[in-house]
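Chains, contacts and geometry: an overview
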Amino acid sequence: MKSFLSKLLGKKKEKKKEEKQDFTEEDEQDVLETLRDLQYVD
Amino acid sequence: MAKRIFVLGLDAFDPKLCFEKFKAELPNLSKLMKNSSWGISNSSIPPLSCTAWISFAKGKTPGHSAIQGFTSRKDFAYTDFFVANSTIIEKERLWDILAEQGKKCIVMNVPVTFPPYDVNGIMVSSFLTPNADKEYCYPKEIKQEINEIANGYVIDVKGFKKKPKNVVLKELKGMEEKRFKVAKHFIENKDWEFFIFVTTGTDRIHHAFWADMDETHPDHKADTEFKDAILSYYKFIDEKIGEVASLLGEEDVLLIMSDHGAREMHGFVNVNEFFIKEGYMKMQEYPSEPTLFNETKVDWNNTKVFCTGNYIARIFVNLKGREPQGIVKKEDYEKFRDEIKEKLLTIRDEQGKKMNTKVFKREEVYKGKYVASQPDLIIYFDDLKWGANQMIGFNELFSHNADKGRNSANHYHKGMFLLHNAGLEAGKRSEINLIDLMPTIIRLLDCEVPTAVEGKSLV
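For clarity, every value in this text was computed on a predicted model and none was experimentally measured. Starting from 1, residues in each chain are numbered consecutively following that chain's sequence as written. Starting at A for chains and at 1 for ligands, labels are handed out in the order in which the entities are written. This being a predicted model, a pLDDT of at least 70 is required before a residue's local features are given, and a value of 80 or more before pairs of side-chain atoms are given or counted; all residues contribute to the totals for chains, interfaces and linings.

As for the overall build of chain A
Tallying secondary structure elements over chain A gives two helices and zero strands in all. Burial statistics for chain A: of 42 residues in total, 21% are counted as buried. We count a stretch as a helix when DSSP gives it H or I for four or more residues in a row; a strand needs E for two or more, and each element gets its number in order from the N terminus. The exposure scheme places C-beta atoms from the backbone and then counts, for each residue, the other C-beta atoms within 10 Å of its own, assigning buried at 20 or more, exposed at 12 or fewer, and partly exposed in between.

Structure representation (structure tokens):
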């Protein structure tokens, strides 16, 4: 039972992790463009 | 102890303007000043929004983060930089600590919160969000709610250096109107114990309109129709302060704060040009026009030191064993760094006047595991009256264009705070440090302050 529960909890945790957004290379380029626009190119 | 705390973060809101110059025109802030503890808060070094908001939220100096500014060097690479984002910050910011201790949090528009994540409540990310099509809310469903309340959300005002000034002013106010509308809706309709909401327009307004306000600024034009643009924006924010305060309960604590202040900026010191002139930096090919440092061809085998960053100079020694083509030997590092420091202190302004320049060595101002990745020196030219420019190709020491368009204000290292209903003696108090506010908030909410926090609680 215990191992079943921990497996279940483990799976839930994994599922939550999947929801976490990454910061992609495309995101990085978009933000860089914004920063250049703002003159904050540092 | 408080049941709820609302933090109104006003990016760059300047203490000299709000507590002195404009005070009589800001009825809501003035009223709060009478029965609150308020004063100056010393910002992070450097006082950039990115480092400052992170330092505030961690209660620690920037040596506890790999972030040097909006962009930071990747493992001492010369031209490879990473953009500040939430995935590279340890989960030890204020809301992380509070959420872990069961507090319901709303985090709205705080810089470096994209991608947004679970804070036992709601997170809406800031202007460093790639674009409004992205998932800028956690949980995702909040995005739809925000769009309905505000009739579309604005991440930032783009191109504010190029657009006509009346358009910029209108767009900045329009952006914040939408955000305040959302914040007020959340105050009234969501379950929260800690709520932080940060404005962006308060920063942009100084950069765009300082010279219009300041008759002593070299770019000031007597016939400007925007002389009162900054005042009108402060008045607009004051109205919002009144609206927000009226929605809070009698027992709620209100903290109004800025991450740094603002001051006039007379131009930029082209730091890499200075290094070239002094023989510390060599180019393979000198650019035919002003070019971003990371797009130029530097002769690294003959370069001893270089500058990254605008506004506030971040100086790196080209150190052997650390930089890919480092040439300064480790045993010569200290002596060389002192030499550079002394050289930078000799720079005089365009009129030949001595500058009140401050030079910081990283280990003198930072603690933490990332100290070694931070710049070897950080420079405030003339106490930030002059910004730093990393670009190369001007063929002269001073410039007035960092990249795109003019900019008449720099960040200043003193921000403001006002703490209402926190049980502190009313009136102006001696200067605090920005990092003191994080443990103060945690203690007010009766939670445990992590031992590694450097700031000192005010309560």
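So, helix α2 (residues 25-38) of chain A
Its 14 residues place the ends of α2(A) 20 Å apart at the C-alpha level, agreeing with the 20 Å of an ideal helix rising 1.5 Å per residue. Turning to α2(A), its buried residues are A:Asp27, A:Val31, A:Thr34, A:Leu35 and A:Leu38. Looking straight down α2(A), one finds its buried side chains confined to an arc of 100°; they lie on one side. In α2(A), the exposed positions angled more than 90 degrees off the buried face are occupied by A:Glu25, A:Glu26 and A:Gln29. Contact partners of the buried residues in α2(A): β3 (71-73) and β4 (81-83) of chain B. What a helix is expected to span follows from its residue count: subtract one and scale by 1.5 Å. Note that the arc is computed from the directions linking the helix axis to the C-beta atoms. A pair of residues counts as a contact when their C-beta atoms, built from backbone coordinates, are within 7 Å of each other.

Points about helix α12 (residues 437-444) of chain B
Think of an α-helix as turning once every 3.6 residues; residues three or four places apart then point the same way. Residues and elements named next belong to chain B. Across the eight residues that make up α12, a large majority, seven, are buried. Buried within α12 are the following residues: Leu-437, Met-438, Pro-439, Thr-440, Ile-441, Ile-442 and Leu-444. Elements that come into contact with the buried residues of α12 comprise β1 (5-10), α3 (49-58), α4 (94-100), β9 (253-257) and β21 (414-420). Asp-446 lies just past α12 and shows a positive phi near 60°.

Looking at the sheet that holds strand β18 (residues 386-389) of chain B
Residue and element names in this part refer to chain B. Ordered by their spatial adjacency, three strands build an open sheet running β18-β11-β19, and the pairing between neighbours is mixed. Edge positions in the sheet fall to β18 and β19 (398-399), since each of these pairs with one other strand and no more. Pairing between strand β11 (residues 267-270) and β18: four bridges, direction parallel. Bridged to Asn-270 within β18 is Asn-389. The pairing criterion for strands is at least two bridges between them, as found by DSSP.

A closer look at the confidence of the model for chain B
The quantity known as pLDDT measures the predictor's confidence residue by residue, on a range of 0 to 100. When pLDDT is averaged along chain B, the result is 95; 98% of the residues meet or exceed 70. Quick note on the complex model: pTM equals 0.93, ipTM equals 0.81.

Re the interface of chain B and chain A
Across the contact, 27 residues belong to chain B and 17 residues belong to chain A. Just so you know the grouping, Ala, Val, Leu, Ile, Met, Phe, Trp, Tyr, Cys and Pro go in nonpolar, Asp, Glu, Lys and Arg go in charged, and all remaining residues, Gly too, go in polar. The residue inventory of the side of chain B that touches chain A, partitioned by class, reads nine nonpolar, twelve polar and six charged.

Quick word on the nonpolar core
All names here are of chain B. Each nonpolar core consists of buried Ala, Val, Leu, Ile, Met, Phe, Trp, Tyr and Cys residues. Their C-beta atoms, within 7 Å, join them into a set. Grouped together as the largest cluster of nonpolar side chains are 139 residues, with contacts concentrated most on Leu-98, Leu-255, Ile-379 and Ala-388. Ranked by the residues each element gives to this core, the list is headed by helix α6 (residues 165-189), at nine residues. Each domain span listed reflects an automatic or database assignment of domains. For this core, the domains that each give at least three residues are domain 1 (5-264 + 411-444) and domain 2 (267-406).

Notes on the sheet that holds strand β14 (residues 305-308) of chain B
Residue and element names in this part refer to chain B. Spatially, β14-β15-β17-β16 is the arrangement adopted by the four strands of the open sheet, whose pairing is antiparallel. Either end of the sheet is taken by a strand with one partner, and the two such strands are β14 and β16 (358-361). Neighbour-to-neighbour, the strand axes of the sheet open up by a mean angle of 25°, direction not taken into account. Pairing of β16 with strand β17 (residues 377-380), which is carried by four bridges, proceeds in the antiparallel orientation. Within the sheet, the bridge partner assigned to Val-359 lies in β17 and is Ile-379. Angles run from 0 to 180 degrees between N-to-C directions of axes, and those axes are lines fitted to C-alpha atoms, restricted for helices to the stretch in contact.

Some details on the environment of B:Thr357
Residue and element names in this part refer to chain B. Here Thr-357 lies in the loop between α10 (333-345) and β16. With 22 C-beta atoms counted inside 10 Å, the residue Thr-357 sits in the buried group. Between the alpha carbons of Thr-357 and Lys-162 there is a distance of 31 Å; along the sequence they are 195 residues apart.

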